[in-house]
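An overview of the molecular structure
One-letter residues, chain by chain:
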Amino acid sequence: MTPRPLLLAVDQGTSATKALLVDGEGDVVASASAPLTTAHPRPGWVEQSAEEIWHSVTEAVAKCLTGHDPARVAGVGLATQRESCLLWERATGRPLGPMLGWQDRRTADRCATLLADGLGEPVRAATGLPLDPMFSALKAQWLLDTYDPDRSRARRGELCLGTVDSWLLWRLGQGAEHVVEVGNAARTQLLDIRTRDWDQRLLDTFGVPREALPRIAASTGPFPAVRGLSPLSDGTPVASVLGDSHAALFGHGVFVPGSVKVTYGTGSSVMGLIAGPDRAEGSPLCLTLAWDDGTPAYALEGNIRSSGATLRWLAQLLRTGEAELAALAAPDSAGVHLVPAFGGLAAPWWDNEATGLISGLTFGTGPPELARAALESIAFQVEDVVAGLDTAAGRVTTLLADGGPSDNATLMRLQADTSGRIVRRPLVRDLSALGAAHLAGCALGVFTKGRLAGLARSEDVHRPDRSAAERARRALAWHDAVARARRPGTADREPGGTP
Ligand SMILES: Nc1ncnc2c1ncn2[C@@H]1O[C@H](COP(=O)(O)OP(=O)(O)OP(=O)(O)O)[C@@H](O)[C@H]1O
Ligand SMILES: [Mg+2]
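Residues numbered from 1 in each chain as written. Chains lettered and ligands numbered in written order. Predicted model: local features only at pLDDT ≥ 70, side-chain atom pairs only at ≥ 80, totals over all residues. Heavy atoms only, no water.

As named in an unreviewed UniProt entry, the protein is ATP:glycerol 3-phosphotransferase, taken from Streptomyces milbemycinicus. Regarding the protein, the UniProt comment filed under Sequence similarities (unreviewed entry) reads as follows: "Belongs to the FGGY kinase family." (UniProt positions renumbered as here; feature names shortened; annotations may be inferred.)

Here it is, written out as structure tokens:
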């Protein structure tokens with residue numbers, strides 16, 4: 001009898017790489033994780049090591065497969081942090097310089113110059129994204145300016161520019177091909193979101209030679225097969241690649257417009273599918289390609305730069321853990337607000353000059369109020385974005401939650417109360433990895449989307465328990481604090497205005 005197939009999913013995130021082994025019923029049979037470090041060599045600089053990322057993948061995979069027969073792994077699914085960018089030599093596979101993390105803001109001045117030159121609108125029209133240092137394009141330009149200033153090596157095809165997925169595909173295939181998944185490519189700010197190909201005008205704007213860019217593949221490939229990743233057999237197919245946030249949406253079983261998910265992580269991503277790119281017209285949120293499995297699925301998304309990262313920062317300051325903050329938190333923040341604009345504010349404000357702020361301090365303010373304010377900052381930010389997904393046609397009634405901080409029941413209750421919406425939280429928190437496994441399973445004929453959509457999902461449900469008037473009062477106080485965190489003259493602007 002042939003052994004029943006397993007799917008191995010890897011979620012390469014900012015703070016850790018997670019691996020999941022999923023069986024043909026869609027159930028998780030094993031999981032493992034390997035932590036990652038981040039360096040902040042200067043204010044606003046956020047770097048990770050490409051080699052350390054690769055080692056965290058090998059470690060998580062080896063741990064996850066311990067006690068399981070690797071020959072049963074029918075295929076690998078990959079979910080990755082997005083927008084982070086690195087450069088390596090094609091001949092040696094050696095990275096040139098660090099990987100610039102998605103939170104990196106060293107290109108903020110360059111971004112401001114391009115915005116002043118009027119490039120915000122055309123870039124948004126082509127890519128669906130506001131011109132911002134978070135996306136890969138400005139990071140790619142910085143890396144090339146630093147390591148190949150005249151672009152001669154890039155033009156000769158000696159250098160590879162890539163996102164985390166292209167780097168991992170390169171390593172998994174032992175350098176067989178330089179390739180990027182189209183949903184990840186959509187976050188580079190170099191891709192025309194409608195044609196789903198590199199946009200020559202954008203390549204010229206950011207000084208990126210096409211020869212340095214990867215081939216663009218659908219989310220189901222074709223990708224190079226795995227080589228030399230013990231204990232997997234050489235030739236194991238990579239059957240799916242997705243951006244982590246996109247993978248979470250797939251993992252929730254959202255295959256048609258209507259539902260909205262919130263992935264809480266280092267930052268947060270709020271995302272819902274839309275019928276097509278033209279539906280994004282007039283929205284304050286980003287237009288993104290969620291995946292392409294033969295049919296492109298478009299989504300609206302709002303990114304929040306700091307959510308779990310806010311808790312980590314405060315927990316370190318108070319010499320405690322993130323999970324303990326919830327127990328420490330006062331029932332009320334007593335007028336204290338924490339606006340976590342550690343690196344400016346992303347959706348829906350897109351304000352690079354906003355600075356982090358704690359307001360409403362009194363002599364009565366202590367760690368419990370600060371802990372409460374930190375948790376509330378996540379819920380308020382998420383709600384500011386979700387409100388942008390409410391349409392004339394209908395209000396978003398339910399949020400599907402996942403990611404590390406969703407482990408925190410206090411935060412989930414707070415989200416329901418702050419949003420006035422139901423929050424459903426699957427008991428499997430690693431929805432990014434699960435989604436990658438599910439899409440890999442679809443590509444390999446282990447699952448169908450219809451079956452995945454109907455899968456019984458164990459979850460807990462948090463229902464809102466706060467009056468509309470009370471929600472409005474609290475939102476007003478939060479927005480007052482946000483306005484203080486922003487530079488004078490911009491705070492009265494509508495959310496989503498081009499920065
Ligand atoms: N119980 C908890 N309560 C609150 N926060 C938590 C808890 N457990 C983990 N976190 C936070 O979750 C974050 C890590 O979550 P996760 O592993 O989903 O993120 P990631 O995948 O590394 O990041 P990203 O998805 O943004 O790239 C950390 O910032 C940590 O502070
Ligand atoms: Mg993640």
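1. A closer look at the pairing of strand β20 (residues 398-402)
Where burial is concerned, most of β20 is hidden: four out of the five residues are buried. Where strand β14 (residues 260-264) and β20 come together, four bridges link them in parallel fashion. The partner of T263 across the bridge, within β20, is D402. Here β20 runs beside strand β21 (residues 422-426); their pairing, made up of three bridges, is parallel. (Buried < 20%, exposed > 50% of the residue type's maximum accessible area, 1.4 Å probe, protein only. Helix = DSSP H or I, 4+ residues; strand = E, 2+ residues; numbered from the N terminus. Pairing = 2+ DSSP bridges.)

2. Considering the sheet that holds strand β1 (residues 6-12)
Taken together, five strands build an open sheet; the order of strands is β3-β2-β1-β5-β13 and the sheet is mixed. Looking at which strands have only one partner, the edges of the open sheet turn out to be β3 (28-35) and β13 (238-243). In this sheet, neighbouring strand axes are inclined to one another by 15 degrees on average, regardless of whether the strands run parallel or antiparallel. Looking at chain direction, β1 and strand β5 (residues 73-80) are connected through seven bridges and run parallel. Following the sheet pairing, L6 is matched in β5 by V73. Strands in contact with helix α1 (residues 50-65) are β1, β2 (16-23), β3 and β5; relative to β3, the strand with the most contacts, it is inclined by about 150 degrees. Against the sheet, helix α9 (residues 244-251) makes contact with β1, β5 and β13, and its axis sits at roughly 110 degrees relative to β13, the strand it touches most. (Axes fitted to C-alpha atoms, helices over the stretch in contact; angles between N-to-C directions. Contact = heavy atoms within 4.5 Å.)

3. Examining the site of ligand 1
Neighbouring residues of ligand 1: 21 residues in total, closest T14, S15, K18, E322 and G404. A distance of 2.8 Å is found between an oxygen atom of ligand 1 and a side-chain nitrogen or oxygen belonging to T266. At a separation of 2.8 Å, an oxygen atom of ligand 1 approaches a polar backbone atom of G404. In isolation ligand 1 offers 650 Å² of accessible surface; the protein chains occlude 85% of this area. Going through the elements one at a time, β2, α10 (308-317) and α11 (322-328) are the ones with two or more residues in the shell around ligand 1. Sort the elements by how many residues they give to the shell around ligand 1 and α10 lands first, with four residues. Considering only residue class, the shell around ligand 1 consists of six nonpolar, 10 polar and five charged. (Near = heavy atom within 4 Å. Polar contact = N/O pair within 3.5 Å; in protein donor to acceptor, adjacent residues only side chain to side chain. Areas by Shrake-Rupley, 256 points an atom, 1.4 Å probe, with all protein chains shown as cover. Nonpolar A, V, L, I, M, F, W, Y, C, P; charged D, E, K, R; others polar.)

4. Overview of the layout of surface pockets
Computed from the structure, the second largest pocket encloses a volume of approximately 400 Å³. Lining the second largest pocket are 22 residues, and of these L273, I274, L300, L389 and T391 lie nearest its centre. Of the residues forming the lining of the second largest pocket, the biggest block, three residues, is contributed by strand β15 (residues 268-274). Looking at the lining of the second largest pocket, its residues break down into 10 nonpolar, eight polar and four charged. (1 Å grid on protein atoms, 1.4 Å probe; cavity = no way out; pocket = protein on both sides within 12 Å on 5 of 7 lines; lining within 4 Å. Points joined across faces, edges and corners; volume = space filled by probe spheres on them.)

5. Points about the packing of α1 against helix α6 (residues 164-172)
With their axes 11 Å apart at the nearest point, α1 and α6 run at an angle of 65 degrees to one another. Here α1 runs over α6; the crossing is right-handed. On α6, the residues touching A50, E51, I53, W54 and V57 of α1 are W167, L168, R171 and L172. Of the residues in the contact of α1 with α6, the class split is seven nonpolar, no polar and two charged. (Left-handed = near helix turned anticlockwise from the far one by under 90°.)

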